[in-house]
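For reference, the chains in residue letters:
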Amino acid sequence: MQLCIDIGNSRLKYGLFDGTELLLHGADERQAPFVIKELFEDHPQIGSVIISSVSDEVDAELVPIPETIHHVILDWETPVPIKSLYSSPETLGHDRIALAVAGSEKFPNCNTLIIDIGTCMTMDLVDSSGTYHGGAISPGMELRFRSMHEGTSRLPLVDFASKKLPDQIGKTTRECMESGVILGMAHEIRGTIKELNKEFEDLKVLLTGGQHHLFEVPLKNSIFADPNLVLRGLNHILLYNLP
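These numbers come from a predicted model, not from an experiment. (Residues numbered from 1 in each chain as written. Predicted model: local features only at pLDDT ≥ 70, side-chain atom pairs only at ≥ 80, totals over all residues. Heavy atoms only, no water.)

A. Spotlight on the sheet that holds strand S10 (residues 204-208). Strands sit in the order S6-S9-S8-S7-S10-S11 across an open sheet of six strands; the sheet is mixed. The open sheet has two edge strands with one neighbour each: strand S6 (83-84) and strand S11 (223-225). Summarising the sheet, S10 and S11 pair through three bridges and their orientation is parallel. Along S11, the bridge assignment pairs Leu 206 with Phe 224. Along the sheet face, helix H4 (residues 173-199) touches strand S7 (112-117), strand S8 (120-126), strand S9 (131-139), S10 and S11 and points at about 15 degrees away from the line of S8. (Pairing = 2+ DSSP bridges. Helix = DSSP H or I, 4+ residues; strand = E, 2+ residues; numbered from the N terminus. Contact = heavy atoms within 4.5 Å. Axes fitted to C-alpha atoms, helices over the stretch in contact; angles between N-to-C directions.)

B. Quick peek at the nonpolar core. One finds Cys 4, Ile 50, Ile 82, Ile 114, Tyr 132, Leu 229 and Leu 234 to be the most contacted residues of the largest nonpolar core, which totals 25 residues. If we ignore the near neighbours within four places in the chain, the residues touching Ile 50 are Leu 3, Cys 4, Ile 5, Val 72, Leu 234, Ile 237 and Leu 238. The next biggest cluster of nonpolar side chains, apart from the first, holds 24 residues, and it includes Val 181, Ile 182, Ile 189 and Phe 200. (Core = buried A, V, L, I, M, F, W, Y, C linked by side-chain atoms within 4.5 Å. Buried < 20%, exposed > 50% of the residue type's maximum accessible area, 1.4 Å probe, protein only.)

C. Layout of the packing of helix H2 (residues 94-106) against helix H6 (residues 229-240). In contact at an axis separation of 7 Å, H2 and H6 are set at 80 degrees when each is read in the N-to-C sense. By the angle class used here, H2 and H6 are roughly perpendicular. Listed contacts from H6 to Asp 95, Ala 98, Leu 99, Val 101, Ala 102 and Glu 105 of H2 are Leu 229, Val 230, Arg 232, Gly 233, Leu 234, His 236 and Ile 237. For the contact of H2 with H6, the residue count by class is eight nonpolar, two polar and three charged. (Parallel < 35°, antiparallel > 145°, perpendicular 65-115°, else oblique. Nonpolar A, V, L, I, M, F, W, Y, C, P; charged D, E, K, R; others polar.)

D. Local environment of the packing of aromatic side chains. Per the counting criterion, the structure on display carries two aromatic pairs. Between the aromatic rings of Phe 107 and Phe 224, the centroid separation amounts to 4.9 Å while the plane-to-plane angle is 55 degrees, which identifies the pairing as tilted. Pair noted here: Phe 107 is in the loop between H2 and S7 and Phe 224 is in strand S11, with a separation of 117 residues, a long-range link. We classify Phe 107 as buried; its relative accessible area is 11%. (Phe/Tyr/Trp six-rings, centres within 6.5 Å; stacked < 30°, edge-to-face > 60°.)

E. Highlighting the environment of Thr 208. One can find Thr 208 in strand S10. Sequence separation of Thr 208 and Asn 228 is 20 residues, and the distance between their C-alpha atoms is 7.3 Å. Setting aside residues no more than four positions away along its own chain, Thr 208 makes contact with Leu 99, Ile 115, Asp 116, Ile 117, Asp 226, Pro 227, Asn 228 and Leu 229. In terms of polar contacts, Thr 208 uses its side chain to reach the backbone carbonyl oxygen of Asp 226, at 2.6 Å. (Polar contact = N/O pair within 3.5 Å; in protein donor to acceptor, adjacent residues only side chain to side chain.)

F. Representation of the environment of Leu 207 within the structure. Mapped onto the elements of the fold, Leu 207 is located in strand S10. Looking at Leu 207, the relative accessible area reads 0%, which means it is buried. Taking C-alpha positions, Leu 207 is 13 Å from Met 185, a pair spaced 22 residues apart along the chain.

G. Geometry of helix H3 (residues 141-150). Within the span of H3, buried status applies to Met 141, Arg 144 and Phe 145. Take H3 and look down its axis: the buried residues cluster within an arc of 95 degrees, on one side only. At its buried positions, H3 is contacted by S8, S9 and H4. (Arc of directions from axis to C-beta.)

Here's what the structure looks like:
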């Protein structure tokens with residue numbers, strides 16, 4: 001059994017895999033060493049672990065990993081099962097390389113765009129030969145709302161909690177902001193897909209991240225949603241690095 005740990009800014013996400021099958025997953029806001037120690041105690045059948053963190057480095061000495069367990073601390077030098085054309089691999093976010101690996105594994109021999117809609121919205125492209133090209137980063141939904149509120153004197157801070165898309169034409173300032181942010185992101189995604197399809201035919205699109213559900217319906221064409229895509233990518237990297 002493999003344990004995959006994704007340490008974010010505010011919480012830790014984990015997934016337990018048997019081969020490529022995701023058995024269980026969850027999130028925890030406690031500090032990583034406590035959560036990891038508890039997972040090992042609750043699941044003694046774990047034989048390997050991979051740890052990814054938004055911070056530059058993970059201090060392996062502070063993480064309670066038993067000596068008998070094979071472990072990988074993900075960094076930019078970790079071997080991965082895809083090629084990369086990225087010019088500054090040392091600056092590439094661990095979540096983005098994990099997503100690229102997951103996309104390549106999900107659709108082998110296909111051109112695939114992986115879109116992660118979280119704090120930032122990232123779009124990453126892997127071609128049909130399994131080569132990672134890079135992508136784009138733009139503000140996510142909450143950052144866009146916050147920047148309008150903090151950068152102006154009268155616009156409110158919008159906390160969009162609806163599971164439905166806003167109307168194209170807003171009738172209040174709040175509705176106009178919701179339309180501009182959320183439908184603007186949808187148009188941004190559509191435009192990127194349209195342009196990439198000119199060079200990368202039959203493009204598959206994978207959607208993940210905290211607000212991915214908002215964009216599944218309006219995008220439709222060849223869209224596949226998976227909220228656990230980072231964990232799946234980490235698992236493939238771990239399997240690739242097993243002795």
